[in-house]
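Descriptive analysis of the structure
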Amino acid sequence: QVRLVESGGGFVQAGGSLNLSCKILGRTVATDDVGWFRQPPGKDRQKVALMAYNAVSTWYSESVRGRFTISRDRINDEVYLQMDNLRPEDTAVYFCNAVSGWTTRTTPLFDSWGQGTQVTVSS
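This next bit is on the nonpolar core. In terms of nonpolar packing, the biggest core is built from 28 residues, with Ile24, Trp36, Phe68, Ile70, Leu81, Met83 and Tyr94 touching the most fellow members. Within the residue set of this core, elements represented by two or more residues are β3 (18-25), β4 (33-39), β5 (46-51), β7 (68-73), β8 (78-83), β9 (92-100) and β11 (117-122). With sequence-adjacent residues up to four places away left out, methionine 83 is seen in contact with Gly16, Ser17, Leu18, Leu20, Arg67, Phe68, Tyr94 and Val119.

Below is the structure:
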(Lines give C-alpha, C1' and ligand atoms only; values in the text may rest on other atoms or scores of the structure.)
Protein backbone atom coordinates (compact mmCIF):
# COMPACT_ATOMS: atom_id res chain seq x y z
CA GLN A 1 0.00 0.00 0.00
CA VAL A 2 1.49 3.29 -1.12
CA ARG A 3 1.17 6.26 1.19
CA LEU A 4 1.78 9.89 0.30
CA VAL A 5 2.64 12.15 3.21
CA GLU A 6 2.83 15.91 2.73
CA SER A 7 4.06 18.42 5.29
CA GLY A 8 5.42 21.92 5.62
CA GLY A 9 2.34 24.02 5.01
CA GLY A 10 1.20 26.82 7.23
CA PHE A 11 0.09 30.42 7.48
CA VAL A 12 2.15 33.09 5.79
CA GLN A 13 1.74 36.69 4.69
CA ALA A 14 1.86 37.64 1.04
CA GLY A 15 5.45 37.75 -0.12
CA GLY A 16 6.54 35.07 2.30
CA SER A 17 7.99 31.64 1.65
CA LEU A 18 7.31 28.03 2.54
CA ASN A 19 9.04 24.75 1.74
CA LEU A 20 6.76 21.74 1.36
CA SER A 21 7.93 18.16 1.74
CA CYS A 22 6.48 14.92 0.43
CA LYS A 23 7.43 11.41 1.48
CA ILE A 24 6.30 8.48 -0.64
CA LEU A 25 6.05 5.24 1.32
CA GLY A 26 5.48 1.69 0.13
CA ARG A 27 7.39 1.65 -3.14
CA THR A 28 10.10 3.55 -4.88
CA VAL A 29 9.27 6.22 -7.44
CA ALA A 30 12.88 6.73 -8.44
CA THR A 31 12.08 5.96 -12.08
CA ASP A 32 8.83 7.94 -12.17
CA ASP A 33 8.00 11.55 -12.78
CA VAL A 34 6.59 13.34 -9.73
CA GLY A 35 4.51 16.41 -9.17
CA TRP A 36 2.78 18.80 -6.84
CA PHE A 37 -0.92 19.56 -7.12
CA ARG A 38 -3.11 22.00 -5.25
CA GLN A 39 -6.79 22.33 -4.56
CA PRO A 40 -8.13 25.77 -3.60
CA PRO A 41 -11.36 25.86 -1.58
CA GLY A 42 -14.31 24.89 -3.76
CA LYS A 43 -12.17 24.17 -6.80
CA ASP A 44 -10.73 21.14 -8.55
CA ARG A 45 -7.27 19.83 -7.97
CA GLN A 46 -4.75 21.24 -10.44
CA LYS A 47 -1.11 20.51 -11.15
CA VAL A 48 1.38 23.24 -10.36
CA ALA A 49 4.82 21.66 -10.70
CA LEU A 50 6.33 18.54 -12.22
CA MET A 51 9.77 17.01 -12.11
CA ALA A 52 10.86 14.20 -14.39
CA TYR A 53 12.45 10.94 -13.34
CA ASN A 54 15.83 12.40 -14.25
CA ALA A 55 15.53 15.03 -11.49
CA VAL A 56 16.36 17.71 -14.06
CA SER A 57 13.41 18.40 -16.35
CA THR A 58 10.66 20.50 -14.79
CA TRP A 59 7.31 22.03 -15.62
CA TYR A 60 5.40 24.76 -13.80
CA SER A 61 1.96 26.21 -14.24
CA GLU A 62 1.88 29.78 -15.46
CA SER A 63 0.59 31.03 -12.14
CA VAL A 64 3.58 29.75 -10.15
CA ARG A 65 6.39 29.87 -12.69
CA GLY A 66 9.31 31.88 -11.40
CA ARG A 67 8.14 31.65 -7.81
CA PHE A 68 8.05 27.91 -7.05
CA THR A 69 10.86 25.39 -7.39
CA ILE A 70 10.35 21.64 -7.35
CA SER A 71 13.13 19.27 -6.36
CA ARG A 72 13.45 15.63 -5.39
CA ASP A 73 15.59 13.10 -3.61
CA ARG A 74 15.34 9.98 -5.74
CA ILE A 75 17.15 7.80 -3.21
CA ASN A 76 14.76 8.59 -0.36
CA ASP A 77 11.59 9.02 -2.46
CA GLU A 78 11.08 12.57 -1.29
CA VAL A 79 9.79 15.56 -3.22
CA TYR A 80 10.00 19.20 -2.23
CA LEU A 81 8.36 22.43 -3.30
CA GLN A 82 10.06 25.68 -2.43
CA MET A 83 7.47 28.45 -2.64
CA ASP A 84 8.63 32.06 -2.71
CA ASN A 85 6.76 35.34 -3.08
CA LEU A 86 3.52 33.70 -2.07
CA ARG A 87 0.23 35.29 -3.03
CA PRO A 88 -3.27 34.91 -1.59
CA GLU A 89 -4.26 33.01 -4.75
CA ASP A 90 -1.78 30.30 -3.73
CA THR A 91 -4.02 29.41 -0.79
CA ALA A 92 -4.90 25.73 -1.19
CA VAL A 93 -4.30 22.24 0.05
CA TYR A 94 -1.15 20.96 -1.61
CA PHE A 95 -0.70 17.32 -2.61
CA CYS A 96 2.10 15.29 -4.14
CA ASN A 97 2.00 12.24 -6.38
CA ALA A 98 3.96 10.33 -8.94
CA VAL A 99 2.64 10.91 -12.45
CA SER A 100 2.58 9.46 -15.92
CA GLY A 101 2.03 11.30 -19.18
CA TRP A 102 4.36 14.17 -18.29
CA THR A 103 2.93 17.63 -19.04
CA THR A 104 0.18 17.16 -21.63
CA ARG A 105 -1.67 14.12 -20.31
CA THR A 106 -0.57 14.20 -16.70
CA THR A 107 -2.13 11.33 -14.78
CA PRO A 108 -1.65 10.61 -11.08
CA LEU A 109 0.08 7.30 -10.60
CA PHE A 110 -1.52 6.52 -7.24
CA ASP A 111 -5.28 6.68 -6.80
CA SER A 112 -5.08 7.18 -3.05
CA TRP A 113 -3.97 10.72 -2.33
CA GLY A 114 -2.34 11.84 0.86
CA GLN A 115 -3.90 14.18 3.39
CA GLY A 116 -2.26 17.17 1.78
CA THR A 117 -0.83 20.15 3.58
CA GLN A 118 -2.69 23.43 3.94
CA VAL A 119 -1.09 26.62 2.70
CA THR A 120 -2.84 29.84 3.64
CA VAL A 121 -1.53 33.16 2.36
CA SER A 122 -2.93 36.39 3.77
CA SER A 123 -2.70 39.80 2.17
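This next bit is on the sheet that holds β8. If you trace the four strands from one edge of the open sheet to the other, you get β1-β3-β8-β7, paired in antiparallel fashion. Strands with a single pairing partner mark the edges of an open sheet, and in this sheet they are β1 (3-7) and β7. Strand-to-strand twist in this sheet, taken as the mean axis angle between neighbours without regard to direction, amounts to 15 degrees.

Time to look at the state of the cysteines. Scanning the model with the defined rule gives one disulfide in all. Through a disulfide, cysteine 22 is tied to cysteine 96; the S-S separation comes to 1.9 Å. Taking the torsion about the S-S bond as the criterion, the cysteine 22 to cysteine 96 disulfide, at about 65 degrees, is right-handed. With cysteine 22 in strand β3 and cysteine 96 in strand β9, this pair connects stretches of sequence that are 74 residues apart.

A separate point is the pattern of salt bridges. In total, this model carries six salt bridges according to the counting rule given. Among the ionic pairs, glutamate 78 bridges to lysine 23, the shortest N-O distance being 3.9 Å. Taken as a pair, glutamate 78 in strand β8 and lysine 23 in strand β3 lie far apart in primary sequence, 55 residues in all. A relative accessible area of 23% means that glutamate 78 is categorised as partly exposed. As a salt-bridge pair, arginine 65 and glutamate 62 come within 2.5 Å of each other at their nearest N and O atoms. Among the residues examined, arginine 65 registers a relative accessible area of 43% and is labelled partly exposed. A cluster of three or more residues bridged by salt bridges with shared partners is formed by Arg38, Arg67 and Asp90.

How each quantity is defined
Residues numbered from 1 in each chain as written. Predicted model: local features only at pLDDT ≥ 70, side-chain atom pairs only at ≥ 80, totals over all residues. Heavy atoms only, no water. Core = buried A, V, L, I, M, F, W, Y, C linked by side-chain atoms within 4.5 Å. Buried < 20%, exposed > 50% of the residue type's maximum accessible area, 1.4 Å probe, protein only. Helix = DSSP H or I, 4+ residues; strand = E, 2+ residues; numbered from the N terminus. Contact = heavy atoms within 4.5 Å. Pairing = 2+ DSSP bridges. Axes fitted to C-alpha atoms, helices over the stretch in contact; angles between N-to-C directions. Disulfide = S-S within 2.5 Å. Salt bridge = Lys/Arg side-chain N within 4 Å of Asp/Glu carboxyl O.

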